[in-house]
Every structure is written in C-alpha cells, then in structure tokens.
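Architecture and fold: a report
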2 protein chains.
Amino acid sequence: MKPYAEMTKEELKELRKHLVAQYREMQGKDLRLDMSRGKPSLDQLDLSMGMMDVLSSEDDLTCEDGTDCRNYGVLDGIKEAKELIADMMEVNPDNVIIYGNSSLNVMYDAIARSYTNGVMGNTPWGKLDKVKFLCPVPGYDRHFAICEYFGMEMINVPMLPTGPDMDMVEDLVSKDPAIKGIWCVPKYSNPQGISYSDETVRRFARLKPAAPDFRIYWDNAYGVHHLYDHDQDHLVEILAECKRAGNPDLVYKFSSTSKISFPGSGIASFAASPNNLEDVMSQLRIQTIGHDKVNQLRHVRFFKNIHGIVEHMRKHAEILRPKFEAVDSILEKELGGLGIATWTKPKGGYFISFDSMEGCAKEIVARCKKAGVVMTNAGATYPYGKDPHDTNIRIAPTYPPLSDLILATELLALCTKLVTIDKLLAEMNGGTHVPEEHHEEV
Amino acid sequence: MKPYAEMTKEELKELRKHLVAQYREMQGKDLRLDMSRGKPSLDQLDLSMGMMDVLSSEDDLTCEDGTDCRNYGVLDGIKEAKELIADMMEVNPDNVIIYGNSSLNVMYDAIARSYTNGVMGNTPWGKLDKVKFLCPVPGYDRHFAICEYFGMEMINVPMLPTGPDMDMVEDLVSKDPAIKGIWCVPKYSNPQGISYSDETVRRFARLKPAAPDFRIYWDNAYGVHHLYDHDQDHLVEILAECKRAGNPDLVYKFSSTSKISFPGSGIASFAASPNNLEDVMSQLRIQTIGHDKVNQLRHVRFFKNIHGIVEHMRKHAEILRPKFEAVDSILEKELGGLGIATWTKPKGGYFISFDSMEGCAKEIVARCKKAGVVMTNAGATYPYGKDPHDTNIRIAPTYPPLSDLILATELLALCTKLVTIDKLLAEMNGGTHVPEEHHEEV
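Residues numbered from 1 in each chain as written. Chains lettered and ligands numbered in written order. Predicted model: local features only at pLDDT ≥ 70, side-chain atom pairs only at ≥ 80, totals over all residues. Heavy atoms only, no water.

1. Some remarks on the overall build of chain A
To keep it simple, the criterion reads: Helix numbers and strand numbers start at the N terminus; a helix is a DSSP run of H or I with at least 4 residues, a strand a run of E with at least 2. Exposure classes here rest on a 1.4 Å probe applied to the protein chains alone. A residue is buried below 20% of its type maximum, exposed above 50%, and partly exposed in between. Contacts are assigned to residue pairs that have any heavy atoms within 4.5 Å of one another.
The number of helices and strands found in chain A is 14 helices and 13 strands. Once the C-alpha set of chain A is aligned to its principal axes, its extents read approximately 75 × 55 × 35 Å. The proportion of buried residues among the 442 residues of chain A is 61%. Relative to all contacts within chain A whose residues are 6 or more apart in sequence, the contacts with residues 24 or more apart total 77%.

2. Looking at the interface of chain A and chain B
Quick note on the threshold: Buried area: the sum, over both parts, of the accessible surface (1.4 Å probe) that disappears when the two are put together. By convention in these notes, a salt bridge is any Lys or Arg side-chain nitrogen within 4 Å of a carboxyl oxygen on Asp or Glu. Polar contacts here mean pairs of N or O atoms no more than 3.5 Å apart (in protein, one a potential hydrogen donor and the other a potential acceptor; neighbouring residues in sequence count only if both atoms are side-chain atoms). The residue classification treats Ala, Val, Leu, Ile, Met, Phe, Trp, Tyr, Cys and Pro as nonpolar and Asp, Glu, Lys and Arg as charged. All others, Gly included, are polar.
The partner chain B presents 60 residues to the 60 residues of chain A that form the contact. Roughly 4900 Å² is buried in total at the junction of chain A and chain B, and carbon and sulfur atoms are behind 51% of that figure. Per-residue buried area on chain A facing chain B is highest for Arg70, Tyr72 and Tyr149 of chain A; these three make up 17% of the total on that side. Counting across the interface, chain A meets chain B through two salt bridges. One salt bridge in this structure joins arginine 70 of chain A and aspartate 46 of chain B, with 2.8 Å as the shortest N-O distance. At the junction of chain A with chain B, the criterion picks out 22 residue pairs in polar contact (both at pLDDT 80 or more). Of all the secondary-structure elements, those providing two or more residues to the side of chain A that touches chain B are α2 (42–46), α4 (103–117), α5 (141–149), α9 (274–287) and α10 (293–303) of chain A. For the side of chain A that touches chain B, the residue count by class is 24 nonpolar, 21 polar and 15 charged.

3. Looking at the side chain of aspartate 68 of chain B
Take aspartate 68 of chain B: it is sitting in the loop between α2 (42–46) and α3 (79–89). Side chain to side chain, aspartate 68 of chain B and arginine 70 of chain B meet in a polar contact 2.9 Å long. When neighbours within four sequence positions are excluded, aspartate 68 of chain B is seen to be in contact with Leu42 and Leu45 of chain A together with Leu61 and Lys293 of chain B.

4. Re the relation of the copies chain A and chain B
This is how the line gets drawn: Copies overlap after least-squares fitting; the atoms used are the C-alpha atoms of residues with pLDDT of at least 70 in both.
After a rotation of 180 degrees and a shift along the axis of 0.0 Å, chain A superposes on chain B with an RMSD of 0.0 Å. Here the transformation between the copies is reduced to the relation of a two-fold axis. Taking the C-alpha atom as reference, chain A places glycine 126 of chain A closest to the rotation axis, 3.1 Å from it. Looking at chain A, 100% of its interface residues are interface residues in chain B too, so the copies touch through the same face.

5. So, helix α7 (residues 198–205) of chain A
All names here are of chain A. For the record, the criterion: Relevant arc is that of directions from the helix axis to the C-beta atoms, nothing else.
Three or more residues of α7 are buried, namely Thr200, Val201, Phe204 and Ala205. Down the axis of α7, the smallest arc covering the buried residues is 135 degrees, so these residues share one side. Lining the buried residues of α7 we find β5 (163–164), α6 (166–175), β6 (179–184), β7 (215–219) and α8 (238–244).

6. Considerations on the packing of helix α6 (residues 166–175) of chain B against helix α7 (residues 198–205) of chain B
Residues and elements named next belong to chain B. To keep things clear, this is the line we draw: Orientation is described by axes fitted as lines to C-alpha atoms, over the contacting stretch for helices, and by angles from 0 to 180 degrees between their N-to-C directions. Should an angle lie under 35 degrees it is considered roughly parallel, over 145 roughly antiparallel, and from 65 to 115 roughly perpendicular; all remaining angles are considered oblique.
For the pair α6 and α7, the least separation of the axes is 11 Å and the interaxial angle reads 5 degrees. When the interaxial angle is binned, α6 and α7 end up roughly parallel. On the side of α6, the interface is formed by Met166, Asp167, Val169 and Glu170, while α7 contributes Thr200, Arg203 and Phe204. In terms of residue class, the contact of α6 with α7 is built from three nonpolar, one polar and three charged.

7. Some remarks on helix α11 (residues 306–335) of chain A
All names here are of chain A. As a reminder of what qualifies: Here the expected span of a helix is defined as 1.5 Å times the quantity of residues minus one. One axis is fitted to the seven residues ending at the residue and one to the seven starting there. The bend at that residue is the angle between these axes.
Compared with the 44 Å implied by 1.5 Å per residue over 30 residues, the 40 Å span of α11 between its first and last C-alpha is a close match. A bend of about 35 degrees at leucine 320 is the largest found in α11, and the proline proline 322 appears one to four places after it. Two or three places before histidine 307, at the opening of α11, asparagine 305 has a side-chain oxygen 3.0 Å from that residue's backbone nitrogen. Looking one or two places after α11, you find glycine 337, whose phi comes out positive at around 80 degrees.

8. Brief notes about unusual backbone geometry
Valine 137 of chain B connects to proline 138 of chain B through a cis peptide bond whose omega is -10 degrees. Here proline 138 of chain B lies in the loop between β3 (132–137) and α5 (141–149). Looking along the chain, the bond that leaves asparagine 190 of chain B and enters proline 191 of chain B is cis, with omega of 10 degrees. You can see proline 191 of chain B is positioned in the loop between β6 (179–184) and α7. Even without being glycine, aspartate 390 of chain A reaches a positive phi, approximately 50 degrees. With respect to the helices and strands, aspartate 390 of chain A occurs in the loop between β12 (373–375) and β13 (392–395). Positive phi, normally seen in glycine, also occurs at aspartate 30 of chain B, with a value near 55 degrees. With respect to the secondary-structure elements, aspartate 30 of chain B resides in the loop between α1 (9–28) and β1 (33–35).

9. So, the pattern of salt bridges
Within this structure, the stated rule accounts for 60 salt bridges over all chains. The salt bridge partner of glutamate 311 of chain A is arginine 314 of chain A, with a shortest N-O separation of 3.0 Å. Here arginine 314 of chain A and glutamate 311 of chain A lie together in helix α11, a separation of three residues that amounts to about one turn. Arginine 32 of chain B serves as the salt-bridge partner of aspartate 30 of chain B, at 3.7 Å between the closest nitrogen and oxygen. Arginine 32 of chain B gets classed as exposed once you look at its relative accessible area, which sits at 70%. In this structure, a network of salt bridges that share partners links the residues Arg16, Glu363, Arg367 and Asp422 of chain A.

10. A look at the packing of aromatic side chains
Between two aromatic rings, the relevant description is the distance of the centres plus the angle of the planes. Residues and elements named next belong to chain A. Counted only if it meets this: Under the pairing criterion, centres of Phe, Tyr and Trp rings, with the six-membered ring standing for Trp, must be within 6.5 Å; the plane angle then separates stacked pairs below 30 degrees from edge-to-face pairs above 60, leaving the rest tilted.
Per the stated rule, a full pass over the model turns up 39 aromatic pairs over all chains. Their ring planes at 75 degrees and their centres at 6.5 Å tell us that tyrosine 99 and phenylalanine 270 sit as a pair that is edge-to-face. On the criterion of sequence distance, the pair formed by tyrosine 99 in the loop between β2 (96–98) and α4 and phenylalanine 270 in strand β9 (residues 268–271) is long-range, its members being 171 residues apart. Considered together, tyrosine 99 and phenylalanine 270 belong to a single accessibility category, that of buried residues. Plain terms: the ring middles of tyrosine 217 and phenylalanine 254 are 5.8 Å apart, the flat faces sit at 25 degrees to each other, and that makes the pair stacked. Taken together, the positions of tyrosine 217 in strand β7 and phenylalanine 254 in strand β8 (residues 251–256) put the pair 37 residues apart, joining distant regions of the chain. The two residues tyrosine 217 and phenylalanine 254 agree in class, both being buried. Members of the aromatic cluster, each reached through a chain of ring pairs, are Tyr99, Phe133, Trp183, Tyr217, Tyr252, Phe254 and Phe270.

11. Digging into the sheet that holds strand β13 (residues 392–395) of chain B
Residues and elements named next belong to chain B. Which entries qualify depends on this criterion: When DSSP finds two or more bridges between two strands, those strands count as paired.
Within the open sheet, the three strands sit side by side as β10-β11-β13. Their pairing is antiparallel. Each end of this open sheet is capped by a strand with a single partner; those strands are β10 (341–343) and β13. When the angles between neighbouring strand axes are averaged without regard to direction, this sheet yields 20 degrees. Along the sheet, helix α12 (residues 361–370) makes contact with β11 (352–356) and β13, crossing β13 at roughly 40 degrees.

12. Regarding the pairing of strand β4 (residues 153–160) of chain A
On a regular strand, one side chain projects to one face of the sheet and the next to the other, so that they alternate. Residues and elements named next belong to chain A. The condition that has to hold: Here is how to tell: hold the view so the strands point away, follow the path from the first strand over the helix to the second, and if it runs clockwise the crossover is right-handed.
Judged from the six bridges that link them, strand β3 (residues 132–137) and β4 form a sheet pairing that is parallel. Bridge pairing in β4 links leucine 134 to isoleucine 155. The parallel pair β3 and β4 is bridged by α5, and the resulting crossover is right-handed. For β4 and β5, the ladder comprises two bridges, and the chain directions are antiparallel. Residue pairing in the sheet places methionine 159 in a bridge with proline 164 of β5.

13. Topic: the sheet that holds β2 of chain A
Strand order across the open sheet formed by eight strands is β2-β9-β8-β7-β6-β3-β4-β5 (chain A), with mixed pairing between neighbours. On the outer flanks of this sheet lie β2 and β5 of chain A, each paired with one strand and no other.

14. Side note on the confidence of the model for chain A
Residues and elements named next belong to chain A. Applicable threshold: On a scale of 0 to 100, pLDDT captures the predictor's confidence in every residue.
Per-residue confidence for chain A gives a mean pLDDT of 96, with 97% of residues at or over 70. Predicted confidence for residues 435–442 stays below pLDDT 50, and this span has 15 contacts to residues more than four positions away or in other chains. On the interface metric, ipTM, the complex scores 0.95, and its pTM is 0.96.

Here is the structure:
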C-alpha cells in the first residue's frame, strides 16, 4: 500500500468504501473491550496469589527487630520493607519512607503539604499568587489532574526521545520562581515508554531553579517493569546524582508495588534526602499513626528480596511481551508505510504512545468507541485534556486478553485509516470538514 | 485514712516518710511499663489472627457484584464493606466512604482539603486570615496536633458529664464565622470515657453556625467498644439527627476498625450527607485511584456482618474489663476518701481520665517516669500541651498485662500522694515550692 499522501482523491474514495465495509463488520461483532487504563490482566494478578498464603494465623507477625506488625507504631515503614523497596528504588533504606497503598496519594500529599505548610521552611504555596508546574507532554493524566485541582498553571514541555526538552526545562526553572516542580516518569514513561538518557538525568540533577522550593517529582512507576530479559533500559539513579551535583534536596522520588503485586493492595514508597525526609516526617507524624505494616510484612515474606521481585517481574513480562509485540506488529502491518501514524516500541512499562495525523485523534477514539472499544480519551495525555495538535492516543495493551487486544488494535488501525481519509478528502474539498451525518454513516 | 486537707503538717511529714520508702522500693523493681497510648494488648491482637486465614490463594477475591478486589477500581469502597461498616456506624451504606487504614488520616485530609479547596464551594481556609476550632478539653492530643500543624487557633470548651458545654458551643459558633469546626469523640470519649447525652447530640444537630462551612468532626472511635454486655452507653445517631433538624450537611462522621481488628491494618470510614460526600469525592478521585480492597474483603469475610463485630467486641471486652476494674479498685483503695484525686469510671473506650489537685499532674507523671512507668505526658490532653490547671492525666490501661497494670497503677497512686503532700507542705511553708533537690531525694 502506498502512502495516503500520494493517493488521488478517487483512490482514497475507493479505499474508503472497503474500510467502511470492514468497520461495519467490526461493529457487527458487538465488541466490549477496554484499552483505556494501565491495569494488569487477570493472569498477571494470578501471579501474586501466593501473597495470600504467606501470612496465616500460624505465623508470627513480628519483624526482625521485634516490632509486632499487628499493633500501632512505626511511622516510616518496617525495616525489612524499607530494605526491599530501597533495593528496588536503588537507594539507601535510610532515605526511604514506606507509605500506604498508593504512590499517587503520596504525590498528592506532597503537593497538598507544599500548599498548606510549604517546603522546608519556604512560603506555603497557598499564600502565593501563582504556582506553576512543568508538565512533559504527552504525560500521565492523573499528574495533571492534581495540578488542576490545586489551581496551578501547567506549562507543557515537549518530550524528546531522550526525555523532556532539557534546554526548555533549564531555561524556565532558572528564570521563574513561580515554577515549583516538574512531573517526571523517567523510565518507560507514560505513555511513550521512553527512558530518560543519562545526559537528561545529569542535567536534571544540575538544575539551578530560581525557586528554592522547586522539586523534581520523579515518579519511577515502572522501574522494574521490563519486557525483556536482556534488552532493558537503565536509568542513572537521580538521588545519588543530585547529591553528587551538590543538589541533594532537589528531588522527590516515588515508587510503588502496584503493578508488581496487587494494584490497590500494594505498598507505596518515597525516597529523598535527609532534609526532605525530615520535612515530610514533620507532616506525616501529624497525618497518621502509621501505615499498614501487616501488608508491608506480607510483601517482604512473599518477595523475600530484590531478586524475588526481579524473578516475579519476569513472569509479568512473559504475559505482557506478546501483547506489546502484537500491538506493534498489527500497527506495522496495517499502518506501516502509509505515512498516517507513528507509535512507540517500548521495552517496558504499561503503554504505547500512538500519534495520528494532526486533528485526527479525538475522532479516531470516538469511532473506536462506537464499535465497542474504549481507548483513553484523546487529549488525556495533556494538561487540561487539551492536546494542541489532537494527535496523541495512549494505548494500554495490558488488561485485555491477547485475542481481544488483537481485535481492538485492528479496530484502532481501521479507524485511523478512515478518519485520516475523511480528513484528506475534506482537505481536497477545500478544507471543509466532512459533515457529521457523513460520519454517522460508518 | 483521713483527707489530706485535714492533716497537720507533722502528720503529712510522717506520712511522707513512709511514702518515700515505698517509692524507693518501687524504683528497686526496675519497672519498664507503658501506660501512655491506647494500644490493644497482645491477647487482644490474637483475637483477630483468624483474619490472616480468610483469604488464601484458593479463595476467590471477587466481590458479590463481580469486582475483582485485586485490581484497580472502586474509589469509595466495595459494597459489602460499606454495608458492614454502615451497620457499625448506624448509617445508610450510601452515606459511607471506605478509606485506607487510618481514620486520623481521613480527618487530617478533611482539614487539609478545607484549607486548599474549601468546603462545598466556600473560601479555602488557607485564604482566610484566621481559622478557629473548638476543642472540648480534656481531649485527644492528635486532634489538637492537626489544628496546631495547620496554624489554627484552638478554643478550649470544658467537658461536662453530658459532653461539651453546649451553652458555650452554641454561643461561640453562632457568633464567630472564623470558627470552622469542633472535635468530638462522642462515645466513651478520649480520655474521660464520657458518652454525650441525648440532649447534647440534639443540640449539636441544631447548631446555627455563623460559618456556612462549619462542620462537627464526629470521631466515633469507640462506637462498639463496650466493656459490659448489658450496661452500655447509647448515642443518638448524629447524621439522622442533623437531617431531622434540617442541618443535613453539618457533620462529618469518622470511624475505623483500628481497635476491632489490627490497629494500622484495619479500615477507616467516613459518613456524611450526599452534599458532603460529593464534595469529598471531588477530592478523592484526584488524590488516589482507590483504597485497599483486598483488606476490605478480608474484613468482610472475617466479621461477616455487624453481629460478627459485636461478638468480636465481646471478646475484647472480656480482656479489657478486668483491667479497667483493676485500675478503678486500686485507685479507690489507695486514694479513695483522701480528697486529692478524682477519676472516671467508663463503660467503654480505651481510657480513664485522672485528675489530681491543681498543679500536680506534670510532677506526678515525672515521678512515675523516674520509677519506670511511662504515662501520657501531662498536658497532652489539652491544646498546645497546656493544661491550664495542671491536673489531668490520661490513663491507658489496655496495653500492659494485668499484673503490670496493677503495679503501674499502684505507682501512680503513690506518686499522686507524694506530689500532693509536697505541694501541701510547700503551701504550709508559705507557698514556697519544695526545691528541686528535695524532689531528687525521692
């Protein structure tokens, strides 16, 4: 098939007829598929069922240091959980706080605390006229939602293959003291699956922000979530790098076991410099008496150590790899060479980022929905849900069974072709859009 | 023994000699006891060990409505957990949100949300010059710590045998729009074990606050924590009462299973009107993806229903009752009729409130500590840790084994006698205080 751009109006119209027929056939299948969220599949969840057996009424729920996990106490996490998670986060256990079940909640709390009580003695953000946050785009919708809830001004920073555009980041943060942070998913990023280059991490560690309370929000959600055994991305460890650069307090690092054990029933964690930890602890001891130590112990008894986590993630990868590869091979087969879409080929994480031609993404997602496949809303990967070029679609291939995923991806490719042809035909008609009635036809 | 007030200087001096000898003997026992926090004892924790067996890898972790508890989803709690906890809270399940492991955290979040985003459309408290909170005293130190962390002005409201002084509460809240809330532990209050009278609850429900965003923070921490089977306090249900009074949005109700199952590994809950719930949910969906549903399911499978909770609480009571009775009988035996202390006799909850003569509490706690018994800091039951009369000591009899508790209470009685005598002697000496060296002697 030749690129659409090289096709004549008649060729496009002819092709459209075939595609409409295919779309009707798809609609006839009465699909109800969900590719919208980064949820593990049922067989991934089954991998962790052994976790339900490691603590029984016959077991001693006592830590190595004698702490009874069943009672109150221990604000920052039991020692063995800190060790396990520190190994996963590639930091010293002394730099780690173990939280509850959600790293998103930890990030929310960090922002809320900055608003009400300030960062390390600086003015609470709630007392400032304006607070701005840098948002690498496309990015994670829930990060942006936190900013929006608190009324921050979000500034888009383009993602490059090496990570956020660091020229722009350096320039902005050095000039504007209202910029208080940046969201980063540094490894297998959401949605592209990009891992930041060594240079990007080093430049992050060497930022000279105008605001003393600027922090890098380093959401390492997919730190151990590789698809391959030997072809893995490696990230320079940011906490150590900041220390080396003389900026030890510059970063907040977040992680969780949500996509390792059970989402919603995992353990979340935070790592930072001693100064930052002290600041955070001054809030934490007011906010709660402590997190769920029994669940911390459950994770330690199940995984035992970082090697246990690595082996466990290998099992996840065996389930996920065929799905990521299926999406890529279908897109390549259906859209390769047409010049109407690009997509990423991540080596880990939970998403594939898909870019259509300008002005097509919303319509593609809408057509998928009409045929029974729910995608993440187009625009969701941008602050305020506004993709300025309307190109980006986040593909979440993990949850559906492989057979469903194949159908859903075929539908995505089909809808992409249809919407693109409609757009090209409209342009040939002098830029007038195809009327809505015409859409309904397909 | 006659009341100390009727003793001559010589009699007091003579008595003091005997008491000093007893104190030295106590010190010789090298005690290391903790009566400072309201923690369940080890045998209470053992009551819930069956909870570790109700979910195994052989079990289906699916809710009645088909929700897989192992995956993401369900922001406000699984249906069956809502039903269980709603029965415990005496409200409709539709009025309930199930949270994580800590009701303190839910209260903190409610305050933090009010600061950053306001209550139901009202000005965020962070934008106000002054925020005040009513604090019934003596009360729960962690409530007061939240107010202090957020920089509120706390106003002491005396506790009467019927609950907070409602004349004062009504007067204050109706006049001052800066007063945004009041802390209540309405049943078996911390530390007195007082349950609010029906009239008190009805007057609460009929408050006419000057501030539209005033809320009653109803921390029903000990709702099912009775010591006796037949002699139980009953509380008018506040949510229904507020609705009847035409003030449906006036109250936030909090609860948790912390002292039912495992503290730190229980489930916390929030109940309120539909308007308040909507307000809270608008934050919650930004703050987290959801709480630990597996733990919710674990609680449901273990307790089954409210009857299961009631039966379980009966077992707790069997362990706690002898402890509360031992404290009371020792205090009665040692201090009864001396006119130097009073204490409460709760029918439930986790604490006994002890009042010494004015200006003695700090010194009593300090002397207990020197003999190896840690009590809650004197003053802790008041905002800013300042008991204006220095009389109140919170006794937490639950954690130590009975034999330890007996020793600790004997020591408390002994220290009370000693400190009171020193105070009386000092007054007889013209009000000069006994010098610190003199203290050291004992």
